[in-house]
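Residue-level listing of the chains:
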Amino acid sequence: MTIRESGEMYLETIYILSQKSSTVRSIDVAEYLGYSKPSVSRGIGVLKKDGLVEMDESRHLTLTAAGKKRAKNIYERHTLLSKFLISIGVDEETATEDACRIEHYISESTFDAIKNHIIKCEERQ
């Protein structure tokens, strides 16, 4: 199943918000991302259909096991790419913004090479 960049952003946001609060709602996702509530509702509907997100009777969102795995992967890409860009001299704000764009398009092999490079650099320190 291939989800679009916005779907990945929703998954990552639900993951981040769920680390901070026991309840996450669509409105929380919309506010965090600065997206409209209708856009988020449509996106969440697609993620529910794909089995990545569940919504209970109180309209609280939770990630399924598959959704959590995908969200953690996206979050790892984001944090590691931010760290890499900062390590080569990019300011933190720009690095975070660029990592957010790159994380959705970088190949697995390139990401793994960057990850391995960072691990080797950290081992040398």
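Everything below is about the structure printed above this text.
As the structure is a computational prediction, the values presented were derived from the model and not from experiment.

Rules and cut-offs
- Residues numbered from 1 in each chain as written.
- Predicted model: local features only at pLDDT ≥ 70, side-chain atom pairs only at ≥ 80, totals over all residues.
- Heavy atoms only, no water.
- Salt bridge = Lys/Arg side-chain N within 4 Å of Asp/Glu carboxyl O.
- Helix = DSSP H or I, 4+ residues; strand = E, 2+ residues; numbered from the N terminus.
- Buried < 20%, exposed > 50% of the residue type's maximum accessible area, 1.4 Å probe, protein only.
- Phe/Tyr/Trp six-rings, centres within 6.5 Å; stacked < 30°, edge-to-face > 60°.
- Lys NZ or Arg CZ within 6 Å of the ring centre and 35° of its normal.
- Core = buried A, V, L, I, M, F, W, Y, C linked by side-chain atoms within 4.5 Å.
- Contact = heavy atoms within 4.5 Å.

Caption draft 1: A look at the pattern of salt bridges. The final tally for this structure, using the stated rule, is six salt bridges. Between R70 and E8 there is a salt bridge; the shortest N-O distance is 3.3 Å. Here E8 lies in helix α1 (residues 5-20) and R70 lies in helix α4 (residues 65-87), a separation of 62 residues in the sequence. On the basis of relative accessibility, which here comes to 23%, the residue R70 falls in the partly exposed class. Where E108 meets R77, a salt bridge forms, and the shortest distance between an N and an O atom there is 2.8 Å. With a gap of 31 residues between them, E108 in helix α6 (residues 108-124) and R77 in helix α4 connect regions that are remote in the sequence. Classification of E108 by relative accessible area gives partly exposed; the value is 42%.

Caption draft 2: Up close: the packing of aromatic side chains. Taken as a whole and assessed by the stated rule, the structure comprises two aromatic pairs. Between Y10 and Y35, the ring centres sit 5.9 Å apart and the planes meet at 80°, which makes this aromatic pair edge-to-face. Of this pair, Y10 sits in helix α1 while Y35 sits in the loop between α2 (26-33) and α3 (37-49), and the two are 25 residues apart along the sequence. The lysine or arginine in question, R77, covers the ring of F111, its NZ or CZ lying 5.0 Å from the ring centre.

Caption draft 3: Representation of the nonpolar core in the model. L11, I14, V29, I44, L47 and V53 are the most contacted members of the largest nonpolar core, which totals 20 residues. Of all the elements in the fold, those that place two or more residues in this core are α1, α2, α3, β2 (61-63) and α4. In terms of residue count, α1 provides more of this core than any other element does, six residues in total. Leaving out residues up to four positions away in the same chain, L11 has contacts with I3, L47, L52, V53, L63, G67, R70, A71 and I74. Listed in part, the ten residues of the second largest apolar core include L80, L81, I106 and F111.

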